[in-house]
Amino acid sequence: MTPLLEDALMDRDLVHRQTAASAIEHISLGVAGCEDALIHLFNYVWPNIFETSPHVVNAVMEAIEGMRVALGAAMVLNYCLQGLFHPSRKVREVYWKIYNSLYIGSQVAVVTAYPVLEDEKNNIYSRPELVMFI
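Definitions and cut-offs
- Residues numbered from 1 in each chain as written.
- Predicted model: local features only at pLDDT ≥ 70, side-chain atom pairs only at ≥ 80, totals over all residues.
- Heavy atoms only, no water.
- Buried < 20%, exposed > 50% of the residue type's maximum accessible area, 1.4 Å probe, protein only.
- Helix = DSSP H or I, 4+ residues; strand = E, 2+ residues; numbered from the N terminus.
- Arc of directions from axis to C-beta.
- Contact = heavy atoms within 4.5 Å.
- Polar contact = N/O pair within 3.5 Å; in protein donor to acceptor, adjacent residues only side chain to side chain.
- Core = buried A, V, L, I, M, F, W, Y, C linked by side-chain atoms within 4.5 Å.
- Salt bridge = Lys/Arg side-chain N within 4 Å of Asp/Glu carboxyl O.
- Phe/Tyr/Trp six-rings, centres within 6.5 Å; stacked < 30°, edge-to-face > 60°.

I'm lost on helix α5 (residues 73–80) in this one. Help?
Since there are 3.6 residues in each turn of an α-helix, residues three or four apart along the chain are aligned in direction. Here α5 has its buried residues at A73, V76, L77, Y79 and C80. Take α5 and look down its axis: the buried residues cluster within an arc of 160 degrees, on one side only. Packed against the buried residues of α5 are α3 (35–45), α4 (54–71), α6 (89–105) and α7 (107–112).

Any chance you could explain the side chain of S106 here in plain terms?
Relative to the elements of secondary structure, S106 occurs in the loop between α6 and α7. Ignoring sequence-local partners within four residues, the contact set of S106 consists of R68 and A73.

So what exactly am I meant to see when it comes to the environment of N123 here?
In this structure, N123 sits in the loop between α7 and α8 (128–133). Polar contacts involving the side chain of N123 include one to the side chain of Y125, which spans 3.4 Å.

What is the right way to read the side chain of R17 from this model?
By secondary structure assignment, the location of R17 is in helix α2 (residues 14–30). Take R17: its relative accessible area is 11%, and that puts it in the buried class. Among the polar contacts made by the side chain of R17, one reaches the main-chain carbonyl oxygen of D11 at a distance of 3.0 Å. If sequence neighbours within four positions are ignored, R17 has contacts with A8, L9, D11, R12, N48 and E51.

I'm lost on the nonpolar core in this one. Help?
In this structure, F42, V45, W46 and I64 are the most contacted members of the largest nonpolar core, which totals 33 residues. For this core, the secondary structure elements donating two or more residues are α1 (2–10), α2, α3, α4, α5 and α6. Among the elements that take part in this core, α4 stands out by supplying 9 residues, more than any other. For W46, the residues in contact, after removing those within four places along its chain, are I64, Y79, C80, Q82, Y95 and I98.

Please clarify how the environment of R68 should be interpreted in this entry.
Mapped onto the elements, R68 comes out in helix α4. Residue R68 is classed as buried on the basis of its relative accessible area of 16%. In sequence terms R68 and V31 are 37 residues apart; their C-alpha atoms lie 13 Å from each other. With residues near it in sequence (within four places) discarded, R68 still touches A73, V76, L102, G105 and S106. Looking at R68, its side chain comes within polar contact range of the side chain of E65, at 3.0 Å.

Please clarify how the pattern of salt bridges should be interpreted in this entry.
Opposite charge on two side chains lets them pair, provided their charged atoms get close. Considering all chains together, one arrives at 3 salt bridges under this definition. With its nearest N and O atoms 2.3 Å apart, the salt bridge here joins E51 to R17. Residue E51 is found in the loop between α3 and α4, and its partner R17 is found in helix α2; the two are separated by 34 residues along the sequence. As a salt-bridge pair, R89 and E93 come within 2.9 Å of each other at their nearest N and O atoms. Of the two residues, R89 and E93 both sit in helix α6, 4 residues apart, roughly one turn of that helix. Given the relative accessible area of 47%, R89 is considered partly exposed.

What should I look at first to understand the packing of aromatic side chains in this one?
In this description, a pair of aromatic rings is defined by centroid distance and the angle of the planes. Enumeration over the complete set of coordinates arrives at 8 aromatic pairs. Taking the centre distance of 6.0 Å and the plane angle of 55 degrees together, the rings of F50 and Y95 count as tilted. Here Y95 lies in helix α6 and F50 lies in the loop between α3 and α4, a separation of 45 residues in the sequence. Overall, F50 belongs to the partly exposed group, its relative accessible area being 41%. Site record: aromatic cluster; members linked through ring pairs are F42, W46, F50, Y79 and Y95.

Structure below.
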C-alpha cells in the first residue's frame, strides 16, 4: 500500500495528492508500531505543504496532524524548524502555520524538543527544571 500512496503524493493531479494525504492521516491515526513506514510516508507528504489549492492544503495539514499524534511532536518539530526563519516570506508563513498548529496540539512535547542553546549575557535559554526531570 505504501508504494501506491507514494505515487499518489507525487502525482501531478491535485485530487490524487489530496486523497493520499487524507488516507495517510487516517492510517497514521490507526497504526501503532510502524514508525518506519510512517516516516517514509511523511517524507512524501512534507513537500506538499506549499500547495495553493485549499483542499490539498487542508488534507496535508490534517496528515501532518495525524503524523504528530503517531510519531510525536518532536519529529514534526524537527521537520518544521528548518523553515521557520527562511528568507522567503511565503515559506515562513507555511512553516509558522504548521508550527502554530503543532504548538496548539502538543505544547508540552514541543517545549521539551526545543534545541539546547547556550546562555548569553542578557538572555538565559537554559531550562534547569527540564534537565533535572529528564
